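Structure at a glance
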2 protein chains.
Amino acid sequence: MLENITQAQLKAMTCDELTALSEEIREKITSTVFKNGGHLSSNLGMVELTVALHYVFDFPDDKLIFDVGHQCYTHKLLSGRYQNFDTLRQKGGLSGFPKREESLFDCYNTGHAGTSVSAALGIAKARDIKGENYNVIAVIGDGSFNNGLVYEAFNSLRLLNTNILLILNDNGMSIAPTVGSMHEYLEILSDDFAHNQKRERHAKIFERFGFKYDGVYDGNDLPVMIEKLKEVKERLKTESVILHIVTKKGKGYSFCEENPEATHGIAIPKSESVESEYSDVLGATLIDIAAKNPKITAVTAAMTSSLGLAGFFERYPTRSFDIGICEEHATILCAAMASCGLKPYYAVYSTFLQRSFDEIIIDICSQNLPVTLCIDRAGVSGADGETHQGVFDLSFLTMVPNLTIAVPKDVDEFKKFLYFSAQFDGPLAIRYPRAGRRVFSSSAPIELGKWEELVSGDGKYAVLACGERAITHALAAAEELYKKGIHIKVVNARFVKPLDDEMLSSMPEKYIVTIEDNVKLGGFGTMVDAFFADSDKIIKNIAFPDQFIPQGSVGELMDDYGVNGKAIVQAIKQYENR
Amino acid sequence: MLENITQAQLKAMTCDELTALSEEIREKITSTVFKNGGHLSSNLGMVELTVALHYVFDFPDDKLIFDVGHQCYTHKLLSGRYQNFDTLRQKGGLSGFPKREESLFDCYNTGHAGTSVSAALGIAKARDIKGENYNVIAVIGDGSFNNGLVYEAFNSLRLLNTNILLILNDNGMSIAPTVGSMHEYLEILSDDFAHNQKRERHAKIFERFGFKYDGVYDGNDLPVMIEKLKEVKERLKTESVILHIVTKKGKGYSFCEENPEATHGIAIPKSESVESEYSDVLGATLIDIAAKNPKITAVTAAMTSSLGLAGFFERYPTRSFDIGICEEHATILCAAMASCGLKPYYAVYSTFLQRSFDEIIIDICSQNLPVTLCIDRAGVSGADGETHQGVFDLSFLTMVPNLTIAVPKDVDEFKKFLYFSAQFDGPLAIRYPRAGRRVFSSSAPIELGKWEELVSGDGKYAVLACGERAITHALAAAEELYKKGIHIKVVNARFVKPLDDEMLSSMPEKYIVTIEDNVKLGGFGTMVDAFFADSDKIIKNIAFPDQFIPQGSVGELMDDYGVNGKAIVQAIKQYENR
C-alpha cells in the first residue's frame, strides 16, 4: 500500500493499517540502503514517529525540518517519492537529505548538525509576519542537541515570541554514542519514566527557555505517538513544546539494533580497487607518535571511529577527547592545549571543519599555535551530496595567515606528513580523501614548502597536481601524451601553502596546468595563478567549478566536472595548437 | 602607587590601600581612553574584581582568560604595563585585548565572543596532562554568555573531568543591552539576593553541567570579592565553580553609568575628514525600502545601534530581531525567513561574519536564498587590531557558489546597492568600511556584474580598484601619473562576484594593477589573476599581505602595508621600465 500512498489515504488508515505500513516502510528502507548505501539505523528508528507525524499533521502546509537530515527516508516515502526511491543517493537520483528542489514536502535543506531549531524559528516567524497559519516542527536527535546552535536558538525563543514544536528524538547516539552533560541530563529524564513529578522538576531547564516540556515517550510506539502528537498539535496554538521521545536506532532490524554505530551509514563496496583508508593510517601513525611524545593529544567531534582514532582513544584515554558535535569548541580546546605546550591533533571531516572557520583564524592561527588539523573526506566525497562535499577547504584555508597546508599524494606520504607534523611547530592542516587507491613508488623526504617532481618533461609543459586523485589523473595524462611524443612534467604539489616558490620561480615551462580536487576559486590553482600574475606564463586551472556539487560517486563527479586526465590532455593539446 | 606596582606589593596591601589603588586605576583608564579611544564602561566595571583576582591568585602562574578581552585594562595595569599604557591601541603600542606576545600574564588571546570557557578547559586539561598545578579562571560577561560556544564548553565539563573557575560578570549589557532567556534567567538569580534557598534551586541549571554555583555578589565591592575569591580558590581544588557577580558597567563615572551603550567604546575624532557613516545610510535606506516592502526584515547580533539599525528597529519592531551574540543562529534565521518568501537583511561586522561561514555556505547559498549580508567594518578597521580587522571577507566569500558580492565605491553607491538588493533574488553580500570619506561624482546605474570606468586611459595601463579606499588611492595615483604624461584607466570594480567578464575580456591594456582593502590571497585581485591565468596580461595585486594585521589607524595601516596610491604609481613605473 506504500507504493502510491497519498496524504489523504494515510490519514484514513486504521492503526493496524498504519502499523503494517510501517513494516512496509522498514523493508523498503532496508532493501534500498543495502543496495544503494545510506543511513540505516537512524531511519529505522524514525519510522513510527514519521508515520504518526504524517497522520496528525498536514504536510506540506505544515512544515517539517529534520536536523542533519539523514533520517528523512520515511518522510520521503510518504511524500510521493516511493517511485524514485531506488535512485536514493545515486547520481541524479533522490538525495539522502531533505531537498527543497526535490519536493514541496521538504521545506528546508539540512546536512550539518544543530540548525533545525533556528530554521524552525525563522520559518515560524515568517509565518507570523505574513499572517499565515501552519505548524512548524523540528526533529532533532540527541547528538545534534550538543551543538551550540541549539542553545543560541533556545535563548531567543521568547524573544522571537512564536510557537514551534521541537521533537527531541533521543536514541543515545550521534554517529558514535552521544556524550556530554546534556546527554546525561536527557538520560535522567528518560530513566524517570515512572516519576512524573520528579521529571517535571528536572525539565525546568527547558521551561526557562520558554518551551513546555512533554516526555518521555516511546517513539517506536505508533499509537502513543499519534495520541501525543494530537495533543501537542492543540497546545501549539498557544505555546512552544518540546516532545521528548526515545527511539531505538536500528529498530526492527536486530543486527542494526545491536550495532547502531556500524550501521549508522552503510557503504556499498565499490568495484574500483581501494588500497587503504587514510583514517587507518592516521590512527596507527598517531599511536606510534604519541608513544614517544606524551604531549600528543587527539580531539574529535562525535566521529572517532570513522576518523580512524578508536585505537588511539583506547590506548591513550587521558589524552583523547570526543566532545560531541561541537566543532568550534573542539578547535578552541586544541588551541588552548597547544598554548600550554601540548601538541593537539584535531581530526574532522572537511565539510564540518567549515564550522571552525573563525576559530582556525582567531584561536589557532592568529596565536600561531601548533595544532594539527587532520582533514578527512577532503575533495568530493560522494553520495551525501552538496552539503558534504569537501571541496572548499583549500579555498578557506589558503587565505589564513600562519597556516601551513599539506596534501599528501598517497597514504605513505600521509604517514610521512604525520611524522613531519610531530616535529613542526606551527598550525598545520593535512587534507586527504577517505580512500587511498594507490601508492606511488617515489618518495622524496618531506621538506617544508618543497614539492616533488614525479615526471620530468622536456621543459615546455608542466602539470602541478595536488593530492592523490589529481596526481593519478596527471600521471595517466602524462603517459597518454608521452605516446604522442609530448613529454610533460608532473609535479606532486604536496604543499599548497607555502607554495614551492623556488621551483615555481625557476620553472622553465611556459605552459602550466594545475589540477586539484577542490573548487577553483581560492584553491591551489588560484594560488599558482596569483604567483605568476606578473609573468607571461599561460596557466590552465582544472578544478571543480563555482557550483554546489551534487551526489554521485567520486569517479562520476570528477568526470562530470572535468577534473580528470582527459581535461589535462585537452589543455595540453590546446597549448600545442596555440 | 600604581606606577611600578609588583604582584608582591599588591598582595601586601591593606583593603584601604587596594581601594585607593582601584581609584587610581579608574582614573588612569578614563584618562587614557579619552585620549586613545577604547573600551571604557566595561573596564570601569571590572576594576575591583580584577584587583581582587590579583590579590588572591598568583599570576602569571595561575591563568586568567578574558572572554572577548576588551575588559582587560586593569589586568594590564597590574601586570607591569603601566609604563606603556599611554600607547594603548596605538600603532606599535599596547593592545586593547589580551596578547600573549605582550606579556606572560596574558595566557590566551581573545577578541570574539564565547571562547573563554573552551580555552579555560583546554588549559586546565593541559595542566592535568602535564601534571602541573595552577588555577584556571575565565571571566565572561552576560553578553558573551548567549553564545553557543559557552553551551558546547559547559556540555563537556564533566567529560573533560577538570576544574576551572568561571566568573560570570553580569552587567546586563553586551554592546547593547543583553537579550534572551539566559539573560532573563540570570536576572532572576540576581533579583533573588535575599532568597538564598530559592536561588539554589534556580541555579540547578549550572549544576547539571557540573559547575557548583555561587552567587550573586556585588562585583564592585572589593572586600566581598576578595573574600569570595579566597573561598572559591579553596573549592577549586576539588570542583569547578561559577561565581556569579553583578557589576555596574561604567562604575565610578556617572556619565558612563548612565550611558553604558554609548560609552562601551570611545572613538577619538580623527583629523581626517569624514563625510558620513555607512551605517547611517544603511539605517535610513532600509527604513525606506521596508516602507514599500513588508517582506523586509532585519537581524543583528547584539550591535543594532553601531550598525545603524536603531531607527529601523524602532520603526519596524515586528520585523526586527537582535538575537544576542549568536552570529550562526542569526544567519540561519535569515535563511529560514527567506525560504518562506521574506527578504531578510543580516547586518554584521566583517570580522564577526567569520562565525557564520558554514551557515553562509549551507543555509544561505546552497539553498540559493535571497538573504542580504550587510558587512560593516570591512577592510582594516583600526585600533582593535588583529582579531577585528575585516580583511578576510572577500577571500572567504568569493569561493562560495551562488553568492553575489558588491563593494560600493562610496555611501551614495551603497544606497544604490541597497535599492538594487531589494529587487535582487539571490544571496547578496555588500561590504563597506565604517566611514565614508568622500563621495565620487560619477554614478553609473547598478547592473549585475557590471563595473564602472572612472578614468579612461590610453589603453596601456588599467587599475581595477575595489571599494572606496582603493578607489581613492587609484584616483590619486592616476592624477600623479597624468602629470607625468602617463594616462591610466581607473575602474570601479564594484562587483567582486561576478567579475565584469565582458569588460575584462575586452580590456585592451596589457598591464593591470588591482587594489583592494583585503588580504591578497583569495581576494579580488586573485580573482582577476585567475581570470587572466591563460592570457599574457601582466598583473600586479596590491592588497594586504598574508599576515595578521596589527592595530593602527586605517591610514597608517594602508601606508605601512603598501595598499595605497604610492604602490600603484610604483607598479606602473616598473611596467614603464619593463
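Quick caveat: nothing in here was measured; it's all calculated off a predicted structure.

Moving on, we get to the domain arrangement of chain A. Residues and elements named next belong to chain A. We note that the domain assignment places domain 1 (7-266), domain 2 (276-436) and domain 3 (452-576) within chain A. Taking only C-alpha atoms, the centre of domain 1 and the centre of domain 2 are 31 Å apart. Of the residues lining the interface, 21 residues belong to domain 1; the matching set on domain 2 comes to 18 residues. Its residues assigned to classes, the side of domain 1 that touches domain 2 shows 5 nonpolar, 14 polar and 2 charged.

Within helix α4 (residues 47-56) of chain A, 10 of the 10 residues are buried, leaving the element largely enclosed by the surrounding structure. Here α4(A) has its buried residues at A:Val47, A:Glu48, A:Leu49, A:Thr50, A:Val51, A:Ala52, A:Leu53, A:His54, A:Tyr55 and A:Val56.

With that settled, the discussion passes to the packing of helix α2 (residues 15-36) of chain A against α4(A). Residues and elements named next belong to chain A. At their nearest, the axes of α2 and α4 sit 10 Å apart, and the two run at 130° to each other. In this view, α2 runs oblique relative to α4, as classed from their interaxial angle. Handedness of the crossing formed by α2 with α4: right-handed. In contact with Leu18, Leu21, Ser22, Ile25 and Arg26 of α2, α4 contributes Val47, Glu48, Val51 and Tyr55. By residue class, the composition of the contact of α2 with α4 is 6 nonpolar, 1 polar and 2 charged.

Another point: the pairing of strand β2 (residues 63-66) of chain B. Residues and elements named next belong to chain B. In β2, alternate side chains face the same way, and those of Lys63 and Ile65 on one face and Leu64 and Phe66 on the other are all buried. Pairing between β2 and strand β3 (residues 136-141): 4 bridges, direction parallel. Residue pairing in the sheet places Phe66 in a bridge with Val139 of β3.

Here we take up the sheet that holds strand β5 (residues 211-218) of chain B. All names here are of chain B. Taken together, 5 strands build an open sheet; the order of strands is β2-β3-β4-β6-β5 and the sheet is parallel. Looking at which strands have only one partner, the edges of the open sheet turn out to be β2 and β5. Averaged over all adjacent pairs, the angle separating strand axes in this sheet is 20°, with direction ignored. Seen against the sheet, helix α9 (residues 181-191) touches β4 (165-170), β5 and β6 (240-246) and runs at an angle of roughly 65° to β5. Sheet strands in contact with helix α12 (residues 222-235) are β4, β5 and β6, and its direction is about 170° off that of β5.

What follows is about the packing of helix α7 (residues 148-155) of chain A against helix α7 (residues 148-155) of chain B. It is the contact of α7(A) with α7(B), at a shortest axis distance of 7 Å, that shows an interaxial angle of 125°. By the angle class used here, α7(A) and α7(B) are oblique. For the crossing formed where α7(A) meets α7(B), the hand is right-handed. The segment α7(A) lies against α7(B), with A:Gly148, A:Leu149, A:Tyr151 and A:Glu152 engaging B:Gly148, B:Leu149, B:Tyr151 and B:Glu152.

Two faces, one strand: in a regular strand the side chains alternate between the faces of the sheet. All names here are of chain A. With 6 of 6 residues buried, strand β17 (residues 461-466) lies mostly within the body of the structure. Alternating positions in β17 separate into two faces, Tyr461, Val463 and Ala465 on one and Ala462, Leu464 and Cys466 on the other, with burial throughout. Here 6 bridges tie β17 to strand β20 (residues 511-519), and the two strands are oriented parallel to one another. The residue bridging Ala465 from the neighbouring strand is Ile515, located in β20. Direction of pairing for β17 relative to strand β18 (residues 489-492): parallel, over a ladder of 4 bridges. Counterpart to Val463 in the pairing with β18 is Val490. For the segment spanning β17, helix α21 (residues 468-483) and β18, crossover handedness is right-handed.

Our focus in this paragraph is the relation of the copies chain A and chain B. Relative to chain B, chain A is turned by 180° and slid 0.0 Å along the rotation axis, the superposed coordinates differing by an RMSD of 0.0 Å. Seen this way, the second copy is the image of the first under a two-fold rotation axis. The C-alpha atom lying nearest the rotation axis in chain A is that of A:Gly148; the distance is 1.9 Å. The residues that chain A uses at the interface reappear at the interface of chain B in 100% of cases, marking a shared surface.

Confidence in the prediction of chain A, expressed as mean pLDDT, is 94, and 96% of residues score 70 or more. Scoring the predicted complex yields pTM 0.96 and, for the interface, ipTM 0.96.

A:Val463 and B:Val463 are the most contacted members of the largest nonpolar core, which totals 391 residues. The residues touching B:Val463, leaving out its near neighbours within four places in the chain, are B:Ala474, B:Ala477, B:Ile488, B:Lys489, B:Val490, B:Val491, B:Val513, B:Ile515 and B:Ile568.

Turning next to the sheet that holds strand β18 (residues 489-492) of chain B. Residue and element names in this part refer to chain B. Reading across the sheet, the 5 strands line up as β16-β18-β17-β20-β21 and stay open at both edges, with mixed pairing between neighbours. The open sheet is flanked by β16 (452-455) and β21 (538-544), the only strands paired with a single partner. Each neighbouring strand pair of the sheet contributes to a mean axis angle of 25°, computed without reference to strand direction. Alignment of β16 against β18, held across 3 bridges, turns out to be antiparallel. In the strand pairing of β18, Val455 is matched with Val490. Strands in contact with helix α23 (residues 524-531) are β17 (461-466), β20 (511-519) and β21; relative to β20, the strand with the most contacts, it is inclined by about 145°.

So, on to the interface of chain A and chain B. Contact with chain A, which involves 90 residues of that partner, is made by 90 residues of chain B. Ranked by residues supplied to the side of chain A that touches chain B, first place goes to helix α6 (residues 116-129) of chain A with 9 residues. Of the residues belonging to the side of chain A that touches chain B, the class tally is 43 nonpolar, 29 polar and 18 charged.

What counts, and at which threshold
- Residues numbered from 1 in each chain as written.
- Chains lettered and ligands numbered in written order.
- Predicted model: local features only at pLDDT ≥ 70, side-chain atom pairs only at ≥ 80, totals over all residues.
- Domains from an automatic or database assignment.
- Contact = placed C-beta atoms within 7 Å.
- Nonpolar A, V, L, I, M, F, W, Y, C, P; charged D, E, K, R; others polar.
- Buried ≥ 20, exposed ≤ 12 C-beta atoms within 10 Å, placed from the backbone.
- Helix = DSSP H or I, 4+ residues; strand = E, 2+ residues; numbered from the N terminus.
- Axes fitted to C-alpha atoms, helices over the stretch in contact; angles between N-to-C directions.
- Parallel < 35°, antiparallel > 145°, perpendicular 65-115°, else oblique.
- Left-handed = near helix turned anticlockwise from the far one by under 90°.
- Pairing = 2+ DSSP bridges.
- Right-handed = clockwise from strand over helix to strand, strands pointing away.
- Least-squares fit on C-alpha atoms with pLDDT ≥ 70 in both.
- pLDDT = per-residue confidence, 0-100.
- Core = buried A, V, L, I, M, F, W, Y, C linked by C-beta atoms within 7 Å.

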